[in-house]
Amino acid sequence: MVYQYPVQGAGLGLRRSLCGPLSSVSPEQVQFMEVAPENWINVGGRYGAALRSYTEKFPFVMHGLSLSIGSPSGLDWDLLRSIKTFIAEHSIRCYSEHLSYCSDSGHLYDLMPIPFTEEAIDYVAERIIQIQDFLGQRIAMENVSYYAAPQQEMSEIEFLNAVLNKADCNLLLDVNNIFVNSINHRYDPYDFLKALPGERIAYGHIAGHFEEAEDLRVDTHGADVIDPVWQLLDAAYAQFGVFPTLLERDFNIPPVDELLMEVDQIRGYQRKYDKIEQGDPQSLRKPTQLEKVLEKNFRLRLSLPFNGLSLSSPHISETPKPIRRLKVSKIAVWKSIEAYFLIISKLLLPMASQSLSPSLTQNDGPQ
Ligand SMILES: [Fe+2]
């Protein structure tokens, strides 16, 4: 099977509270967006018009909340009919859902873990097949975060791979969920990554989480992405090649400039592998610690695209002047240090070597 990704680049989840703040963002800054259909189906008026303006401007994927694929109750065919209509109305490129359940006779409003059992594999895979047949397209199931593993007969990765194979569906690869689960359930996230079927990846998620304790993380989507999760995304790109990846942020949503900075960071990792594929040797050089600090500060303060300075960026005019002065000042300090060492090397070292040369000459050669 040759699979084409439904979208490209780096994306951002569209929340109602972001409809206004993201209105001037361009597809060059955010290459695709994602919505939860349950929050938008049958929504008209101001928000309905806003959604239409976004789906006409950006490629969209859809990440469901309430399909409840592992539920003991029957599938919600009314919801699926609405989803099918929504996909057609907004040209949605991909429908993804959680490999979990959130209802029985009523909704639980949380994502519960499906038991990792043979019986559950058969049950869930059959339901996914029914949905794919109804929608006439593959759907993507997400590896979810979980905090208990009831009736566990096999590992999480064995269960996930078995469901994907049996249902012949795609994977929404959430790297933050891998990281959170690896800490909470004590496994190596890189081993988990290596065992995933890369050919089934439709797109990826990245997000921040809450550190409740050193050995307990909570998948909140309420904080910045931390470095170990970025490193895991980097490893995923190294293993599978670049796949479209979307930033999820649901709580403590920062100003748009900061959200875009994280989207740019996704693009930065993607460009790194684009360059490697194009044979650019510069892309293989690791930045020094100082370069990392300067670059991070640079992007943080000016919220510019990851790979370069664009004077036409709309964010420059939004950046408070004192912050820009701080950045300029740091560059000036660095340039001064650089100039200082240049002076040392050009002026003082030759003088020093002249004064040492007689003794060096005397000690030159084998004794
Ligand atoms: Fe996710």
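Worth saying up front: this structure is predicted, and the values here are computed from it rather than measured. (Residues numbered from 1 in each chain as written. Predicted model: local features only at pLDDT ≥ 70, side-chain atom pairs only at ≥ 80, totals over all residues.)

### Observations concerning the overall build of the protein chain
Then comes step 1: Helix and strand content of the protein chain: 11 helices and 12 strands.
Then comes step 2: In the protein chain, 76% of the contacts between residues at least 6 apart in sequence involve partners at least 24 apart. (Helix = DSSP H or I, 4+ residues; strand = E, 2+ residues; numbered from the N terminus. Contact = placed C-beta atoms within 7 Å.)

### Section: the nonpolar core
Then comes step 1: Counting 72 residues, the largest nonpolar core has Ile 128, Met 141, Val 163, Leu 171 and Val 175 as the members making the most contacts within it.
Then comes step 2: Top contributing element to this core by residue count: helix α8 (residues 256–277), with seven residues.
Then comes step 3: Each residue touching Val 163, except ones within four places of it in the same chain, is listed here: Leu 99, Ile 121, Val 124, Ala 125 and Met 141. (Core = buried A, V, L, I, M, F, W, Y, C linked by C-beta atoms within 7 Å. Buried ≥ 20, exposed ≤ 12 C-beta atoms within 10 Å, placed from the backbone.)

### Let's talk about the confidence of the model for the protein chain
Then comes step 1: Looking at the protein chain, pLDDT values average 81 and 74% of them are 70 or higher.
Then comes step 2: Low pLDDT, under 50, characterises residues 297–337; the predicted model gives this stretch 40 contacts beyond four residues in sequence or across chains.
Then comes step 3: Considering only residues more than four positions removed or in separate chains, one finds that residues 346–367, a stretch of pLDDT under 50, has one contact. (pLDDT = per-residue confidence, 0-100.)

### As for the pairing of strand β12 (residues 245–248)
Then comes step 1: Alignment of strand β1 (residues 10–13) against β12, held across three bridges, turns out to be parallel. Of the residues in β12, the one forming a bridge with Ala 10 is Thr 245. (Pairing = 2+ DSSP bridges.)

### Section: the packing of helix α5 (residues 175–184) against helix α7 (residues 227–240)
Then comes step 1: Packing of α5 against α7 brings their axes to within 9 Å, and their N-to-C directions diverge by 120°. Relative to α7, α5 is oriented oblique. α7 is crossed by α5, and the crossing has right-handed handedness. Contacts from Val 175, Asn 176, Ile 178 and Phe 179 of α5 reach α7 at Pro 228, Val 229, Leu 232, Leu 233 and Ala 236.
Then comes step 2: Its residues placed into classes, the contact of α5 with α7 shows eight nonpolar, one polar and no charged. (Axes fitted to C-alpha atoms, helices over the stretch in contact; angles between N-to-C directions. Parallel < 35°, antiparallel > 145°, perpendicular 65-115°, else oblique. Left-handed = near helix turned anticlockwise from the far one by under 90°. Nonpolar A, V, L, I, M, F, W, Y, C, P; charged D, E, K, R; others polar.)

### Let's talk about the sheet that holds strand β3 (residues 60–63)
Then comes step 1: Pairing is parallel in the closed barrel, where eight strands are placed in the order β1-β2-β3-β4-β7-β8-β9-β12. This sheet shows a mean twist of 30° between the axes of neighbouring strands, independent of strand direction.
Then comes step 2: In this structure, strand β4 (residues 95–98) lies alongside strand β7 (residues 140–142), joined through three bridges in parallel fashion. Pairing of His 98 across the sheet is with Glu 142, part of β7.

### Quick notes on α7
Then comes step 1: Between its first and last C-alpha atoms α7 spans 20 Å; for 14 residues at 1.5 Å apiece the expected length is 20 Å, and the two agree.
Then comes step 2: Burial in α7 covers these residues: Val 229, Leu 232, Leu 233, Ala 236 and Tyr 237. Burial along α7 is one-sided: seen end-on, the buried residues are contained in an arc of 140°. Of the exposed residues in α7, those oriented more than 90 degrees away from the buried face are Asp 227 and Gln 239.
Then comes step 3: Just past α7, the residue Gly 241 takes up positive phi, approximately 85°. (Expected span 1.5 Å × (residues − 1). Arc of directions from axis to C-beta.)

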